[in-house]
Amino acid sequence: MSRGGSYAADHRVRAIEWLPWVAAIAAFFLLPDYLPLGARVLTYILFALSLDLILGYAGIITLGHSAFFGLGAYVAGILSARFGVADPMVQLAASALAGALLGISTGAVILRTQGLTQLMLTLAVGALCLEIANRATSITGGADGLSGVTVAPILGQFRFDLFGKTAYLWCLAVLFAGWFLARRLIYSPFGVALTGTRENSARMHAIGAPVYWRQVIVYTFSAAMAGVAGALLTQTSQFVGLNVLGFEPSGELLVMLILGGVGRIYGAFVGPLVFLVAQDFLSKQFPEYWYFGIGLLLVIVVLFAHGGLLGIGDALLARRRR
Amino acid sequence: MEALLSSAASVAFHGAAYGMVLYVISVGLSVTMGLMGFANLAHGVFAMAGGYVLTTALSRFGVPFPLALLLAFGVVGAASIVLERFLYSRLYTAGELPQVLFTIGLVFMAVAAARLVFGSLQQPVPLPDYLTGQVSVLGRDFPAYRVFVIAFSAGIIAALWFGVERTLWGAMVRATVDNRAMAQSIGIDTRRLFMLTFALGSGLAGLGGALGADIIAIEPTYPFEHLAYFLIVVSVGGLGSLRGPFVAALLIGVGDTACKYWLPQFGAFFVYAATIALLLWRPAGLFGRRA
């Protein structure tokens, strides 16, 4: 299965790649009422980007990516609510570390397996995390969620305000850093080798490439990134609920990424934006139809539009040029 | 000691009933995954549909219980043929990711549709009088419904095993699981075989969902909540095998019941932990053929 645009030798940032950032900053000034939603979108873009690295580039199918997101969210929340560690930088670092540790320990065993077994193991790890968060009520708050999360001003300077201005810019800055790292990784020889593994794992083995270790490394990196995204969610909403863990959030994230376009950096940008904005407008009025709609959308994308929204855009552009 | 023995017997009995239902639901998944290599995460949808067919037939139309079970099997099996012909068959050669995504999409749609039509509450199961009492077995009293579930499932399983091991259709299925290209080249119509087997597997899932409606509650989130268990049964048991998932289903049924009875504070923790450990030890499952 070929997906576009990942073999590019030229790694310089093209002009159009600044567009999302310009748009994000413009949104900050033009849509002050939607900043909390904006922060949520930015958080999920980071989360989707982390999934894109392992699913889109390395070709690892996972049903449990929310384990890392949820872990990050809970680590940041527990540090703040139970141990009084309120510094946002420290929380992010701790969440990244926790995500990476869970990523390397589960990745090292999960990636030895294939097919259904691998799928099942990712699902079981996710379910296990949900079960722990649900049962360890004295630490996580269980089904009631973890409240009382406080976040200190960033660098001691920028306080998280009621209107979500600081939160939005904070998420934007963290996403920018994540994008920069992910982009470097994708355009590096390492990234090209990952794509090779996705396209033909047997051939990569045959030319002597260390397939397994590359997958473990990218899985760990992705887990750390998902952990950071989880911490951002905790910091901006100042609450952690059980809904960050389990199969449903993993499934929803898959929907977002597929909708945008899997295996392309900006698919992870477009998908969450469209999904969360649509959800914000539609799901309050028609919650059931919304759910039905995203299912239908997924089926249609799989059957008729493999590249997602960006893939459709590519196809239209190609037709115009011809 | 007497108390422990009595609770152990009760756990074993309830666990066996649960395990039997899990097996009847999941065996179709094992066969379709082994036969077609299709990662069908929407299998729980068929089980839920069977449950809704049964409860609707019982409470709205007053259909007798045995007929309602048959109806669940027939309706779900027939509906699955339509799905297989128009949607599933397009993705047989598409690879794992599109199959996973497509079936997740189906699950989302089914959950929403169930909530729209039936509301988000658990469906009541009006059991007939002859299934509500107690039955005395070996000097102990057991709920009649669960005795019926175990006996009925055992009958189905015997029929299924006979069908797969002793009939021509079963031989064709086994041949195709082993080597699809070879089966095709000796003239087995694998397309038709896929369709029939898929319908049978889905029908069995519907039957299992209906049969176990009083054990695994019928509610809209059913396909999400129990998906992990159906997949565990198949992956721990081994793809394409009949006996493996049976052992796995009984282990999970009894293990899960025991954990919930003696260690309720841990919930399903041990089931998942044991699954992970087991799959690391034997990635192809207990009875899997491909290591």
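Brief notes about the overall build of chain B
Consideration 1: For chain B, the count of helices and strands is twelve helices and two strands.
Consideration 2: Each helix and strand of chain B, ordered N terminal to C terminal, gives the series α-α-α-α-β-β-α-α-α-α-α-α-α-α.
Consideration 3: Its C-alpha radius of gyration of 19 Å places chain B within 12% of the 19 Å reference for a compact globule of 291 residues.
Consideration 4: Here the C-alpha coordinates of chain B stretch approximately 60 × 45 × 35 Å along the principal axes.
Consideration 5: Residues counted as buried form 49% of the 291 residues belonging to chain B.
Consideration 6: Once local pairs closer than 6 in sequence are excluded, the contacts in chain B between residues at least 24 apart make up 77%.

Thoughts on the overall build of chain A
Consideration 1: Across its full length, chain A holds 14 helices and zero strands.
Consideration 2: Listed N to C, the secondary structure of chain A is α-α-α-α-α-α-α-α-α-α-α-α-α-α in terms of helices and strands.
Consideration 3: The globule rule puts the C-alpha radius of gyration for 322 residues at 20 Å, and the 19 Å found for chain A is close to it.
Consideration 4: Principal-axis analysis of the C-alpha atoms gives chain A an extent of 55 × 45 × 40 Å.
Consideration 5: Burial status across chain A gives 50% buried among its 322 residues.
Consideration 6: Residue pairs in contact within chain A that sit at least 24 positions apart in sequence constitute 80% of those at least 6 positions apart.

Looking at helix α1 (residues 2-36) of chain B
Consideration 1: For α1 of chain B, built from 35 residues, the straight-helix expectation of 51 Å at 1.5 Å per residue is met to within 8% by its first-to-last C-alpha distance of 50 Å.
Consideration 2: Among the residues trailing α1 of chain B, glycine 37 of chain B stands out with phi positive, at a value near 60°.

What about the pairing of strand β2 (residues 140-143) of chain B?
Residues and elements named next belong to chain B.
Consideration 1: As paired strands, strand β1 (residues 134-137) and β2 are joined by four bridges and run antiparallel to one another. Opposite serine 136, over in β2, you have aspartate 141 as the bridge partner.
Consideration 2: What sits between β1 and β2 in their antiparallel hairpin is a turn of two residues, with leucine 138 showing a positive phi close to 50°.

Some thoughts on the interface of chain A and chain B
Consideration 1: Opposite the 34 residues of chain A that make contact, chain B presents 39 residues.
Consideration 2: Sorting the residues of the side of chain A that touches chain B by element identifies α5 (115-135), α11 (247-260) and α13 (287-304) of chain A as the ones contributing at least two each.
Consideration 3: Per-element accounting of the side of chain A that touches chain B gives the leading share, 15 residues, to α5 of chain A.
Consideration 4: Within the side of chain A that touches chain B, the residues separate by chemical class into 24 nonpolar, six polar and four charged.

Here we look at α11 of chain A
Consideration 1: Taking 1.5 Å of rise per residue, 14 residues should cover 20 Å, and α11 of chain A covers 20 Å from first to last C-alpha, within 8% of that figure.
Consideration 2: Once α11 of chain A ends, the next one or two residues include glycine 261 of chain A, with phi positive near 130°.

Describing the environment of leucine 286 of chain B
Residue and element names in this part refer to chain B.
Consideration 1: One can find leucine 286 in the segment after α12 (269-281).
Consideration 2: Between the C-alpha atoms of leucine 286 and methionine 1, which are 285 residues apart in sequence, the distance is 34 Å.
Consideration 3: With sequence-adjacent residues up to four places away left out, leucine 286 is seen in contact with Val236, Gly237, Gly238, Gly244, Val247 and Ala248.

Brief notes about the confidence of the model for chain B
Reading predicted coordinates in detail is not appropriate for stretches of low pLDDT.
Consideration 1: A residue-level look at chain B finds 99% of positions with pLDDT of 70 or above and a mean pLDDT of 86.
Consideration 2: ipTM for the predicted complex: 0.82, alongside a pTM of 0.86.

Points about the nonpolar core
Side chains of a nonpolar character, in soluble globular proteins, are inclined to be buried together.
Consideration 1: Among the nonpolar cores identified, the biggest contains 191 residues, and Leu46 of chain A together with Val233 of chain B are the most heavily contacted of them.
Consideration 2: Residue contacts for leucine 46 of chain A: discarding those within four places in its chain leaves Val174, Leu175, Gly178, Met225, Val228, Ala229 and Leu232 of chain A.

Comments concerning the packing of helix α3 (residues 65-86) of chain B against helix α8 (residues 190-211) of chain B
Residue and element names in this part refer to chain B.
Consideration 1: The N-to-C vectors of α3 and α8 enclose an angle of 140°; their axes lie 7 Å apart at closest approach. Here α3 is positioned oblique relative to α8, judged by the angle of their axes. Helix-helix and strand crossings are classified by hand; for α3 and α8 the assignment is right-handed. Between α3 and α8, the contacting residues are Ala68, Leu69, Ala72, Phe73, Val75, Val76, Gly77, Ser80, Ile81, Glu84 and Arg85 on the first element and Met195, Phe198, Ala199, Leu200, Ser202, Gly203, Ala205, Gly206, Leu207, Ala210 and Leu211 on the second.
Consideration 2: Taken together, the residues of the contact of α3 with α8 sort by class into 15 nonpolar, five polar and two charged.

Regarding the packing of helix α10 (residues 227-237) of chain B against helix α11 (residues 243-262) of chain B
A pair of packed helices is characterised by two quantities: the angle between their axes and the separation of those axes.
Residue and element names in this part refer to chain B.
Consideration 1: Close contact between α10 and α11 brings their axes to 7 Å; oriented N to C, the two are set at 130°. For the element pair α10 / α11, the angle class is oblique. By crossing handedness, the relation of α10 to α11 is classed as right-handed. Seen from α10, the contacting residues are Tyr229, Ile232, Val233, Val234, Val236 and Gly237; seen from α11, they are Gly244, Pro245, Val247, Ala248, Ala249 and Ile252.
Consideration 2: For the contact of α10 with α11, the residue count by class is ten nonpolar, two polar and no charged.

Looking at the environment of methionine 48 of chain B
Residue and element names in this part refer to chain B.
Consideration 1: Here methionine 48 shows up in helix α2 (residues 43-61).
Consideration 2: Sequence spacing of methionine 48 and alanine 273 is 225 residues, and the spatial spacing of their C-alpha atoms is 26 Å.
Consideration 3: Once residues within four sequence positions are removed from consideration, methionine 48 is found in contact with Ala110, Ala114, Gly209, Ile218, Tyr222 and Pro223.

Some words on the confidence of the model for chain A
Consideration 1: Per-residue confidence for chain A gives a mean pLDDT of 86; residues scoring 70 or more make up 96%.
Consideration 2: Note that pLDDT drops below 50 for residues 1-6 of chain A; the model gives that stretch 14 contacts with residues more than four away or on any other chain.

Considering unusual backbone geometry
Consideration 1: A positive phi angle, close to 55°, is found at glutamine 238 of chain A, a residue other than glycine.
Consideration 2: Following the sequence through the fold, glutamine 238 of chain A ends up in the loop between α10 (211-237) and α11.

Here is what the cut-offs are and how they apply
- Residues numbered from 1 in each chain as written.
- Chains lettered and ligands numbered in written order.
- Predicted model: local features only at pLDDT ≥ 70, side-chain atom pairs only at ≥ 80, totals over all residues.
- Helix = DSSP H or I, 4+ residues; strand = E, 2+ residues; numbered from the N terminus.
- Rg over C-alpha atoms; globule rule 2.2 N^0.38 Å.
- Buried ≥ 20, exposed ≤ 12 C-beta atoms within 10 Å, placed from the backbone.
- Contact = placed C-beta atoms within 7 Å.
- Expected span 1.5 Å × (residues − 1).
- Pairing = 2+ DSSP bridges.
- Nonpolar A, V, L, I, M, F, W, Y, C, P; charged D, E, K, R; others polar.
- pLDDT = per-residue confidence, 0-100.
- Core = buried A, V, L, I, M, F, W, Y, C linked by C-beta atoms within 7 Å.
- Axes fitted to C-alpha atoms, helices over the stretch in contact; angles between N-to-C directions.
- Parallel < 35°, antiparallel > 145°, perpendicular 65-115°, else oblique.
- Left-handed = near helix turned anticlockwise from the far one by under 90°.

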